[in-house]
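Understanding the architecture of this molecule
Single-letter residue listing:
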Amino acid sequence: MRTRFSLLLGGILLAACQSDPPKTEQEAVSKEAVVKTDSTAAPAKTDSVPTIGSPKLLFTLDDAHNTPDGLALAPNGNLILSVPNLADNSKPAVLMQIVGDSLKPYLSNLPVEPSTKKAAPMDLTFGPDGNLYYAENQYENSKDFKSRLMKVAVKNGKPGTITTAVDGFALANAVVWKGNTIYVTDSQWDMPNNDKGSAIMHFTLAELNKGTVHLKPKTMDPHVLAVFSTTPNETQVDNGADGLDYDSKGNFYTGSFGDGRLYKVSLKPDGSLDKQEILKLSGKPIPCVDGLIIDRTTDKMYVCNSRENAIEVVDLRNNNAVTTLAQNGDTDGTGGRLDQPAEVLLKGKRLYVSDFDKPEKHFVNSKSDAPHTMSVIDLP
Ligand SMILES: [Ca+2]
Ligand SMILES: [Ca+2]
Ligand SMILES: [Ca+2]
């Protein structure tokens, strides 16, 4: 217990050192609350959430762009941002472009899925062919495996025709290319005997170039690389594998949105599954994993802890030690304070954060609200 206490105290001191002086009454209250926080207490009580770090506002979006999510680094250094508008999808989903500190249109005519009549872009990434690929989350519109992987043909830096690369996902979520293979998480890949399933799928560029791949739902489709099972907690969310990236040695990492488990997935030289294991963390638990990115120069993993309104850092070279880079209480996002971070992208020393702001039960963030925001954190 002594060890636990000193760890806790260290966390408090660290938290206090990283915080700016309180500027408002609300900040002062949440700063005061730092010393009352008990790492063993049930998470996600707003009045016990510490304020850590100082995320800054990148920009605000209007009500027609109410739910920012995925981020991709374009070959020209700009970022592409997906705006699925899941908080209010009466507004069409679009892709935007972040140029410096400003936001510009990129694609506003995304093809809708024929039965749901909605487009729902989530994570996105440029392929080795120079084209842009985005995962689609139709799960909120239909539970009947209507989600897709979409391909935007890019010519001379300009987006053109959009086609369906893969269909038959339940909830396609994160995407990452490694070499000529794209890896995609499906957060709801249920099986006949498991309605808490999720998976990492993989597809080669050569296969995608032959035409649309049709997955076989409720089977161990040959594109399934690894499967997971979520153990829902009091949030009652059974979404599984979410964020996805790989480290400097080529090991993949994903995490479960519903129960926060982080997984390490290793491949054989032929690209098939070698082994998967639950990552043992030190320092503090993470109850919910959304988007994540790994800085392969340091093997530090930046994880969106959506439920606790925080960005966590997992040091994969140091006992998987977890430290909190930034955290806020229940905010509306004003000033760039975290408002349920969903996705992170590291460019140089700047961490870009999408504030998804669409809470589940028992989340620190209590409601979707204007302003709709993107935050940035400048790393030391
Ligand atoms: Ca399920
Ligand atoms: Ca907000
Ligand atoms: Ca909010």
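Above this text is the structure in question.
Description of the structure in this document. This one's a predicted model, so the numbers in the text were calculated from it and none came from an experiment.

Examining the overall build of the protein chain
- On a plain count of helices and strands, the protein chain comes out with three helices and 25 strands.
- In the protein chain, which comprises 380 residues, the proportion classed as buried is 47%.

So, the pairing of strand 20 (residues 300-305)
- Burial analysis of strand 20 places six of its six residues in the buried class, which makes it a mostly covered element.
- Residues Lys300, Tyr302 and Cys304 line one face of strand 20 and the alternating positions Met301, Val303 and Asn305 line the opposite face, and both faces are buried.
- With four bridges joining them, strand 19 (residues 292-295) and strand 20 adopt antiparallel strand pairing. Counted as the bridge partner of aspartate 295 is lysine 300 from strand 20.
- Here strand 19 folds back onto strand 20, and the loop between the two strands holds four residues, one of which, aspartate 299, carries a positive phi near 55 degrees.
- Here six bridges tie strand 20 to strand 21 (residues 310-315), and the two strands are oriented antiparallel to one another. Directly across from methionine 301, in strand 21, lies its bridge partner valine 314.
- Between the antiparallel neighbours strand 20 and strand 21 lie four residues, among them asparagine 309 with a positive phi of about 55 degrees.

Digging into the sheet that holds strand 4 (residues 94-99)
- With antiparallel pairing, the four strands of this open sheet are ordered in space as 2-3-4-5. Of all the strands in the sheet, just strand 2 (71-73) and strand 5 (102-107) have a single pairing partner and so form its edges. Direction aside, neighbouring strands of the sheet carry axes that sit 30 degrees apart on average.
- Judged from the five bridges that link them, strand 4 and strand 5 form a sheet pairing that is antiparallel. Within the sheet, the bridge partner assigned to valine 99 lies in strand 5 and is serine 102.

Brief notes about the nonpolar core
- In this structure, Tyr133, Ile200, Leu292, Ile311, Val344 and Tyr352 are the most contacted members of the largest nonpolar core, which totals 89 residues.
- Not counting residues up to four positions away in its chain, the partners in contact with leucine 292 are Gly243, Asp245, Tyr253, Gly255, Met301, Tyr302, Val303, Cys304 and Val344.

Some remarks on unusual backbone geometry
- A cis amide bond, omega 0 degrees, links alanine 370 with the succeeding residue proline 371.
- Tracing the backbone shows proline 371 in the loop between strand 24 (350-355) and strand 25 (372-378).
- Non-glycine residue phenylalanine 145 carries a positive phi angle of around 55 degrees.
- With respect to the secondary-structure elements, phenylalanine 145 resides in the loop between strand 7 (132-136) and strand 8 (147-155).
- Residue aspartate 357 is not a glycine yet carries a positive backbone phi of 55 degrees.
- Examined against the element boundaries, aspartate 357 turns out to sit in the loop between strand 24 and strand 25.

Comments concerning the sheet that holds strand 17 (residues 262-267)
- Ordered in space as 15-16-17-18, the four strands form an open sheet in which the pairing is antiparallel. At either margin of the open sheet sits one strand with a lone partner, and together these are strand 15 (241-246) and strand 18 (273-278). Averaged over all pairs of adjacent strands, the angle between strand axes in this sheet comes to 20 degrees, irrespective of strand direction.
- Two strands pair when backbone bridges link them, and strand 15 and strand 16 (residues 252-256) are joined in this way by four bridges, in the antiparallel orientation. Bridging across to strand 16, aspartate 245 finds its partner in tyrosine 253.

Points about the pairing of strand 25
- Buried residues dominate strand 25, accounting for five of its seven residues.
- The pairing of strand 1 (residues 56-61) with strand 25 spans five bridges and is antiparallel. Counterpart to phenylalanine 59 in the pairing with strand 25 is methionine 374.
- Inspection of the sheet shows strand 24 paired to strand 25 by five bridges, in the antiparallel sense. Along strand 25, the bridge assignment pairs tyrosine 352 with valine 376.

Let's talk about the environment of leucine 338
- With respect to the helices and strands, leucine 338 occurs in the loop between strand 22 (321-327) and strand 23 (341-347).
- Sequence separation between leucine 338 and glutamine 327 is 11 residues, and the spatial gap between their C-alpha atoms is 6.7 Å.
- Once residues within four sequence positions are removed from consideration, leucine 338 is found in contact with Pro55, Asn309, Ala310, Ala326, Gln327, Asn328, Thr331, Val353, Asp355 and Ser375.

Cut-off values and rules
Residues numbered from 1 in each chain as written. Chains lettered and ligands numbered in written order. Predicted model: local features only at pLDDT ≥ 70, side-chain atom pairs only at ≥ 80, totals over all residues. Helix = DSSP H or I, 4+ residues; strand = E, 2+ residues; numbered from the N terminus. Buried ≥ 20, exposed ≤ 12 C-beta atoms within 10 Å, placed from the backbone. Pairing = 2+ DSSP bridges. Axes fitted to C-alpha atoms, helices over the stretch in contact; angles between N-to-C directions. Core = buried A, V, L, I, M, F, W, Y, C linked by C-beta atoms within 7 Å. Contact = placed C-beta atoms within 7 Å.

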